[in-house]
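The residues making up each chain are set out below.
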Amino acid sequence: MAPGGSSSASRSPSRRFRVDLDVAAAAREMRRRGARSVVLAGGSFGAMASIAAGGSVRPSVDGVVPISPGVTFRGLDAEAAARRLNVPTLYVVAQEDAGFPDAARTLYDATATQDKRLLVVSGFGHGSDVIALSAEARAAVDRFIDDHSRRTLRMRALAAGADDEAALRVRR
């Protein structure tokens, strides 16, 4: 990981569980390697890390997909981070995941962007299990990533002078 980016290698107790730093470093590395579109997604603690990183990574990511996020855990305050989150965000949670639908609603309400959605799917599951068990959740996440990645690439192509759909397809 980039210097200052890895929480697991840190000797500082305050940074030890700051996995959001790992997520931010990974996003920066993807950009360095040429990725033109980056959407952060994670489940449970990874969802919280994606929220925190999504509000701080520059250049901005194209979206964030927190699945079964908590509000606070191991010093990571996702609610405070959500107040700085100004990118498209799709919250996904299972209705029967004890306490997590309320947490997702709290974070949804705190999220700064107006381009946000909360999807509560029926049934059980936590984190990646929600995606594995719910076709509705899987389809919504796929659609969100596809829509927001393409939107960003289209806007960049238009800004670079592309004037028709054929030119946009070539630049994707």
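Definitions and cut-offs
- Residues numbered from 1 in each chain as written.
- Predicted model: local features only at pLDDT ≥ 70, side-chain atom pairs only at ≥ 80, totals over all residues.
- Heavy atoms only, no water.
- Helix = DSSP H or I, 4+ residues; strand = E, 2+ residues; numbered from the N terminus.
- Buried < 20%, exposed > 50% of the residue type's maximum accessible area, 1.4 Å probe, protein only.
- Contact = heavy atoms within 4.5 Å.
- Areas by Shrake-Rupley, 256 points an atom, 1.4 Å probe, with all protein chains shown as cover.
- Pairing = 2+ DSSP bridges.
- Axes fitted to C-alpha atoms, helices over the stretch in contact; angles between N-to-C directions.
- Polar contact = N/O pair within 3.5 Å; in protein donor to acceptor, adjacent residues only side chain to side chain.
- Phe/Tyr/Trp six-rings, centres within 6.5 Å; stacked < 30°, edge-to-face > 60°.
- Core = buried A, V, L, I, M, F, W, Y, C linked by side-chain atoms within 4.5 Å.
- Salt bridge = Lys/Arg side-chain N within 4 Å of Asp/Glu carboxyl O.
- Expected span 1.5 Å × (residues − 1).

Caption draft 1: A look at the overall build of the protein chain. Helix and strand counts for the protein chain stand at seven helices and six strands. Across the 172 residues that make up the protein chain, the buried fraction comes to 43%. Summarising the internal contacts of the protein chain: among those between residues at least 6 apart in sequence, 64% fall at separations of at least 24. Surface summary for the protein chain: the accessible area is close to 9,000 Å², and the carbon and sulfur share equals 51%.

Caption draft 2: Up close: the sheet that holds strand β1 (residues 39-43). The strand order β1-β2-β5-β6 describes an open sheet built from four strands, whose pairing is parallel. Looking along the sheet, the strands with just one partner apiece sit at the ends: β1 and β6 (116-121). Mean inter-strand twist for the sheet, computed between neighbouring axes without regard to direction, equals 10 degrees. Note that strand β5 (residues 89-94) and β6 share six bridges and pair parallel. By the bridge assignment, alanine 94 is partnered in β6 with valine 121.

Caption draft 3: Here's a closer look at the side chain of aspartate 62. On the secondary structure map, aspartate 62 appears in the loop between α2 (45-54) and β2 (63-67). Taking the relative accessible area as the measure of exposure, aspartate 62 reaches 6% and is therefore buried. There is a polar contact of 2.9 Å between the side chain of aspartate 62 and the side chain of serine 37. A polar side-chain atom of aspartate 62 sits 2.7 Å from the main-chain amide nitrogen of valine 38.

Caption draft 4: Just the packing of aromatic side chains, in detail. As enumerated under the stated definition, the model contains two aromatic pairs in all. Between the aromatic rings of phenylalanine 45 and phenylalanine 73, the centroid separation amounts to 5.2 Å while the plane-to-plane angle is 80 degrees, which identifies the pairing as edge-to-face. A residue pair is termed long-range when its members are at least 10 positions apart, and phenylalanine 45 in helix α2 and phenylalanine 73 in strand β3 (residues 72-73) qualify at 28 residues. The exposure class assigned to phenylalanine 45 is buried, which follows from its relative accessible area of 16%.

Caption draft 5: Layout of the nonpolar core. One finds Leu40, Ile51 and Val61 to be the most contacted residues of the largest nonpolar core, which totals 22 residues. Broken down by element, this core gets its largest block of residues, six residues, from α2. Leave out the neighbours within four places in its chain, and leucine 40 touches Val23, Ala27, Ser50, Ala53, Gly54, Val61, Gly63, Val64 and Val65.

Caption draft 6: Local environment of the pattern of salt bridges. On inspection of all chains with the given rule, the structure shows six salt bridges. Between aspartate 20 and arginine 18 there is a salt bridge, with its nearest N and O atoms 2.6 Å apart. The class for arginine 18 is partly exposed, based on a relative accessible area of 28%. We note a salt bridge from glutamate 29 to arginine 32, for which the minimum N-O separation is 2.6 Å.

Caption draft 7: A look at unusual backbone geometry. The linkage connecting arginine 58 with the following residue, proline 59, adopts the cis geometry, with an omega of 0 degrees. Relative to the helices and strands, proline 59 resides in the loop between α2 and β2. Of note, the phi angle at serine 44 is positive, near 60 degrees, even though the residue is not glycine. Mapped onto the elements of the fold, serine 44 is located in the loop between β1 and α2. Assessed through its relative accessible area of 24%, serine 44 is described here as partly exposed. Even without glycine at this site, serine 68 takes up a positive phi of about 60 degrees. Here serine 68 is to be found in the loop between β2 and β3.

Caption draft 8: Geometry of helix α1 (residues 19-32). Under the 1.5 Å per step criterion, the end-to-end length of α1 is 20 Å for 14 residues, consistent within 8% with the ideal 20 Å. With its phi angle positive at about 105 degrees, glycine 34 sits one or two positions after the end of α1.

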